[in-house]
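# Summary of structural features
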Amino acid sequence: MMNKKIGAIVGVFAITVVIASLGCIESGGSVKDIAKMTPEGANSLIYSDLQTMRDDRDLRDIYKDMKKSGTSEIDELEIDFDDVNYIATTLGGIEIIEGKFDLKDLRDELDDLDFDKDEYKGVEFWIGEYDEVVAISGNKLILGDDKQVKSCIKVIKGDRTSMYDDEDVRDVINKLPSGIFTMVSTYPPYENALVMGYAMIKEDEDTMKIKGVVKFDDDEDVEDAKSDLKREMKEEDKMFDVDVTQSGKSLKFSAKFDIEDWEEAL
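For the structure given in this document, a descriptive report is provided here. Since this is a predicted model, take the numbers as computed values, not measurements. Note that residues are indexed from 1 along each chain, following the sequence as it is written. With the structure being a predicted model, the display of local features is reserved for residues of pLDDT at least 70 and the display and counting of side-chain atom pairs for 80 or more, all residues being used for whole-chain, interface and lining totals. Side-chain numbers come from the whole structure's heavy atoms, not from hydrogens or water.

## Some points on the side chain of Asp146
Test applied: Going along the chain from the N terminus, every DSSP run of H or I of four or more residues is numbered as a helix, and every run of E of two or more is numbered as a strand. Burial classes: relative accessible area under 20% of the type maximum marks a residue as buried, over 50% as exposed, and values in between as partly exposed (1.4 Å probe, protein chains only). We call two residues in contact whenever any of their non-hydrogen atoms come within 4.5 Å of each other.
Within the secondary structure, Asp146 sits in helix α7 (residues 146-156). Relative accessible area serves as the criterion here: at 17%, Asp146 is assigned to the buried category. If sequence neighbours within four positions are ignored, Asp146 has contacts with Phe125, Ile127, Asp131 and Val133.

Dropping the structure here:
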């Protein structure tokens with residue numbers, strides 16, 4: 001069984017498509033762009049690049065498994081999973097999906113589901129019977145409850161600070177590579193850790209690589225956590241080429257795992 005602190009790295013991608021929550025976005029498709037549109041105080045941000053997976057033959061089977069799982073929101077709105085480029089989420093928040101949607105069909109579907117059309121700060125705003133909202137901003141959909149979606153729109157319009165405005169969050173995000181799957185959390189599982197982030201990238205046709213950063217309050221905390229993190233990752237039998245190094249008040253870590261192991265975890 002995978003160590004809980006590592007967060008089930010190989011299987012964690014399966015979580016992404018079933019979380020009914022997420023952060024805010026106006027433009028771009030990177031975790032940095034998303035963090036810049038997510039209200040400050042969000043405790044986690046999860047980004048899934050479906051388009052890259054869909055276009056990569058080595059990841060196609062994983063993509064097909066994800067497509068089969070789908071999400072309740074995509075299914076309910078009758079959106080074709082193949083039209084979704086990425087999904088971004090924050091735990092307990094809202095969901096944003098970006099893609100090539102037929103907005104006329106989407107509006108017709110929202111109308112059939114008894115959503116009422118409205119507007120908030122110039123953004124198209126559809127409200128359902130139980131306070132659920134779908135906002136349409138260009139080729140992006142923002143889903144959540146009324147309060148959460150309005151918070152996102154406030155960030156988009158410059159009326160509220162973003163997650164990226166937090167110095168520690170910004171520092172971690174800027175140290176991460178662009179990934180097929182990226183996670184940033186302000187509740188890392190290590191004492192006095194401030195922010196943790198990691199990205200999963202394709203190494204070659206058979207291998208995935210995870211690269212991450214944990215930022216701490218001071219150097220002593222880094223020393224205490226370094227051996228624990230390295231041991232935990234090495235105990236993970238599906239990971240190899242594990243490396244953990246200290247860089248100031250941060251730990252940088254990396255490891256590799258087989259693509260087929262990721263697929264089996266789904």
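## What to know about the sheet that holds strand β12 (residues 250-258)
Convention followed: Between any two strands, pairing holds if DSSP finds at least two bridges. Each axis is a line fitted through C-alpha atoms, and for a helix only the stretch in contact is used; angles between axes span 0 to 180 degrees, taken between their N-to-C directions.
Strand order in this open sheet of 12 strands is β4-β5-β6-β7-β3-β2-β1-β8-β9-β10-β12-β11, and the pairing throughout is antiparallel. Two strands bound the open sheet, and with one partner strand each, they are β4 (116-120) and β11 (240-247). Taking the axes of each pair of neighbouring strands and ignoring which way they run, one obtains an average angle of 15 degrees across the sheet. Across four bridges, the pairing between strand β1 (residues 44-49) and strand β2 (residues 84-89) is antiparallel. For Ser48, the partnering residue across the bridge sits in β2 and is Ile87. The strands touched by α7 within the sheet are β4, β5 (123-127), β6 (132-137) and β7 (140-145), with β7 carrying the most contacts at an inclination of about 135 degrees. Taken strand by strand, helix α9 (residues 219-235) contacts β10 (207-216), β11 and β12, and its axis lies near 180 degrees from that of β11.

## What about the nonpolar core?
Keep this limit in mind: Residues grouped as a nonpolar core are buried Ala, Val, Leu, Ile, Met, Phe, Trp, Tyr and Cys residues, joined through side-chain atoms within 4.5 Å.
Ile79, Ile97 and Phe253 are the most contacted members of the largest nonpolar core, which has 48 residues in total. Leaving out residues up to four positions away in the same chain, Phe253 has contacts with Met196, Gly197, Tyr198, Ile210, Lys211, Gly212, Val213, Val214, Leu229, Met233, Asp243 and Val244. Core analysis: the second largest hydrophobic core is formed by 17 residues, Val169, Ile173, Val195 and Val213 among them.

## What about the pairing of β12?
Within β12, seven of the nine residues are buried, which leaves the element mostly enclosed by the surrounding structure. Examined bridge by bridge, β10 and β12 share nine bridges and lie antiparallel to one another. Opposite Val213, over in β12, you have Lys252 as the bridge partner. Between β11 and β12, which pair antiparallel in sequence order, lie two residues; one of them, Gly248, sits at a positive phi of approximately 65 degrees.

## Looking at the environment of Val244
With respect to the secondary-structure elements, Val244 resides in strand β11. Considered as a pair, Val244 and Lys230 are 14 residues apart in the sequence and their alpha carbons are 5.9 Å apart.

## Section: the pairing of β2
Judged by how many residues are buried, β2 sits mostly within the fold: six of six residues are covered. When β2 meets strand β3 (residues 95-99), the two strands line up antiparallel, connected through five bridges. Bridge assignment links Ile87 to a residue of β3, and that residue is Ile97.

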